[in-house]
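In case you want the letters, here they are:
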2 protein chains.
Amino acid sequence: LPASGEFRDLRIVLVDVRNPLNIGAAARAMSNFGFPYLRLVNPYDVAFQNARSAVGAAATLASAEVYTTVAQAVADCSLVVGTTAVGHRDLQHSLMRLEVGAPLLRASLKAGNCALLFGSEKYGLSNSDMSFCHWLMHIPTREEHYSMNLGQAVAVCLYELVRDPGAALQPESITLASSEEVERITDALFDALRASEYPKLNTSKSFHAAVRRVMRRLRLQPGDSEFLLGMLRQMIWKMKKNVAQKSKE
Amino acid sequence: LPASGEFRDLRIVLVDVRNPLNIGAAARAMSNFGFPYLRLVNPYDVAFQNARSAVGAAATLASAEVYTTVAQAVADCSLVVGTTAVGHRDLQHSLMRLEVGAPLLRASLKAGNCALLFGSEKYGLSNSDMSFCHWLMHIPTREEHYSMNLGQAVAVCLYELVRDPGAALQPESITLASSEEVERITDALFDALRASEYPKLNTSKSFHAAVRRVMRRLRLQPGDSEFLLGMLRQMIWKMKKNVAQKSKE
């Protein structure tokens, strides 16, 4: 089982979960995001067995530990965080939005094992389950439809934990064509327009600048300019050839 | 159908999706996060019909539009963003992590309709589907297991779109007891320790400060101090009563 990095210290604990598809979905999200340790409190035996078929979740499910009580499942954890959909219940705990709570939970992983609890599909975590939690998190859903599917809730929470705010500063893999390349294709476009006897070419003073602006707004990539240049050259060739033939006629 | 705010301008487009559970799960996440408009390109008829039973997704599914081609499904959108699990394929598009791309997509919603595309469970978006996209996003999953369940991928993408970075600055609902309340319970604890003839009370000079530090680390909330104060007072009463009885004997 791959268990590297800080997330090996987080136990994902599913309490009283009934649907095997949800256990499988939770395990798959754990595998996607790199959280190896799943704990199940009081799962239906059947549910747990069926879950073992979930796509890509075999390793996570094979190493899952089953407990009878929440107390046992979190015994080795120094921070226990519950999740709730915030329904009508009058919560006795500190409650934080996922965006707020996840960084705190992540920071706590450096100090020891932590647990993140999810309750049953129908009722969520009970008041008794929550009494083992230090605080609670909720995903910012709409008031009119706050209750999420369990597998989706697990995926969203784990995504927020692996989320890298620094990634927002460095967009990946957008390489733009150099000004020289953009200018080469702009020149080819002017050649093509001349060959087509485009009327505005010599009458409008601002036309050249307008074309140049458009070509830059296109955010051409290196390959693109070669590709378009080839098309334009072919059109220029054809237009000039037609003119040559016509003058022969 | 509730369709308020900027997210009414985003079309969630599922292309060639086969499993009704996934269509239902996508619709449920859309309802949870406030994205009203679902479009399906070439769904299996059976899949689409079965999806109508998904929990809380009825309104989203009832208003879903079905198209034959991607071109038709995105015709009224000025920005089309595809999602990919980044497998072995050699992508011809700009590819951004979800954290990077989502803010760009969100900003574009102010300028007009946008579309976010998800491909089939088995193959994702085809090269042909992608050719209708301006750029692509991927969820930062592990290289060893990059492919997510479709319903979970939709939930994660929509969560990132509704995510409020400002929320991280204002934790909700943690009210701590005032210093006066903490001091009152600390005094009660000292009374109880005196009544119990706790040995360190008068011998260790630093003991008082240590107790005071612990009481503050507990981050007691207003109700907590009353609750604990009652317990301590009962214990003090019992200890003093025992002493009184003993002195009578």
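Here, every reference points to the structure presented above.
In this report, we go over the structure that sits alongside the text. (Residues numbered from 1 in each chain as written. Chains lettered and ligands numbered in written order. Predicted model: local features only at pLDDT ≥ 70, side-chain atom pairs only at ≥ 80, totals over all residues. Heavy atoms only, no water.)

## With respect to the pairing of strand β2 (residues 37-41) of chain A
Residues and elements named next belong to chain A.
So, point 1. The buried count for β2 comes to four of five residues, which makes it a mostly enclosed element.
So, point 2. Handedness of the crossover joining strand β1 (residues 10-15) and β2 through helix α1 (residues 20-33): right-handed.
So, point 3. As paired elements, β2 and strand β3 (residues 65-67) share three bridges and run parallel to each other. Its bridge partner lying in β3, L40 is registered against V66. (Buried < 20%, exposed > 50% of the residue type's maximum accessible area, 1.4 Å probe, protein only. Helix = DSSP H or I, 4+ residues; strand = E, 2+ residues; numbered from the N terminus. Right-handed = clockwise from strand over helix to strand, strands pointing away. Pairing = 2+ DSSP bridges.)

## Quick word on unusual backbone geometry
Both trends apply: most residues other than glycine have a negative phi, and most peptide bonds are in trans.
Residues and elements named next belong to chain B.
So, point 1. Phi is positive for D16, which is not a glycine, with a value near 55°.
So, point 2. Position of D16 relative to the elements: it lies in the loop between β1 (10-15) and α1 (20-33).
So, point 3. Overall, the relative accessible area of 25% leaves D16 in the partly exposed class.
So, point 4. Positive phi, close to 60°, is recorded for E197, a residue that is not glycine.
So, point 5. Assignment of secondary structure puts E197 in the loop between α8 (179-195) and α9 (200-203).

## A look at the sheet that holds β1 of chain B
Residue and element names in this part refer to chain B.
So, point 1. Within the open sheet, the seven strands sit side by side as β3-β2-β1-β6-β4-β7-β5. Their pairing is parallel. With one partner strand each, in any of the chains shown, β3 (65-67) and β5 (95-97) form the two edges of the open sheet. On average, adjacent strands in this sheet sit at an angle of 30° to one another, irrespective of strand direction.
So, point 2. Strand contacts of helix α7 (residues 150-162): β1, β4 (79-83) and β6 (114-118), with the helix running at about 150° to β6, the strand carrying the most contacts. (Axes fitted to C-alpha atoms, helices over the stretch in contact; angles between N-to-C directions. Contact = heavy atoms within 4.5 Å.)

## Notes on the packing of aromatic side chains
Residues and elements named next belong to chain B.
So, point 1. Tallied over the full model, the rule gives six aromatic pairs over all chains.
So, point 2. Residues F7 and F35 carry aromatic rings whose centres are separated by 4.4 Å and whose planes lie at 35° to one another, so their mutual orientation is tilted. Separated by 28 residues along the polypeptide, F7 in the segment before β1 and F35 in the loop between α1 and β2 (37-41) bring together distant segments of the chain.
So, point 3. Taking relative accessible area as the criterion, F7 reaches 11% and is therefore assigned buried.
So, point 4. On the basis of relative accessibility, which here comes to 1%, the residue F35 falls in the buried class. (Phe/Tyr/Trp six-rings, centres within 6.5 Å; stacked < 30°, edge-to-face > 60°.)

## Side note on the sheet that holds strand β4 (residues 79-83) of chain A
All names here are of chain A.
So, point 1. If you walk across this open sheet you meet the seven strands as β3-β2-β1-β6-β4-β7-β5, and the pairing is parallel. Looking at the sheet topology across the chains shown, the edges are occupied by β3 and β5 (95-97). The average undirected angle you get between the axes of adjacent strands in this sheet is 30°.

## Overview of the interface of chain A and chain B
So, point 1. Chain A puts 45 residues into the contact, and the matching count from chain B is 45 residues.
So, point 2. Contact between chain A and chain B buries roughly 3800 Å² in total, counting both sides, with carbon and sulfur atoms accounting for 50%.
So, point 3. It is N32, Q152 and Y159 of chain A in chain A that bury the most area against chain B; as a group they hold 17% of the surface buried on that side.
So, point 4. Linking chain A with chain B are two salt bridges, by the criterion used here.
So, point 5. With a closest N to O distance of 2.7 Å, E160 of chain B and R163 of chain A form a salt bridge.
So, point 6. For the interface between chain A and chain B, the tally reads 25 residue pairs in polar contact (both at pLDDT 80 or more).
So, point 7. Counting residues per element, the ones that place at least two in the side of chain A that touches chain B are α1, β5, α5 (98-108) and α7 (150-162) of chain A.
So, point 8. Of the residues forming the side of chain A that touches chain B, the biggest block, eight residues, is contributed by α1 of chain A. (Buried area = accessible area lost by both parts, 1.4 Å probe. Salt bridge = Lys/Arg side-chain N within 4 Å of Asp/Glu carboxyl O. Polar contact = N/O pair within 3.5 Å; in protein donor to acceptor, adjacent residues only side chain to side chain.)

Spatial relationships are all this shows, so hold off on functional conclusions.
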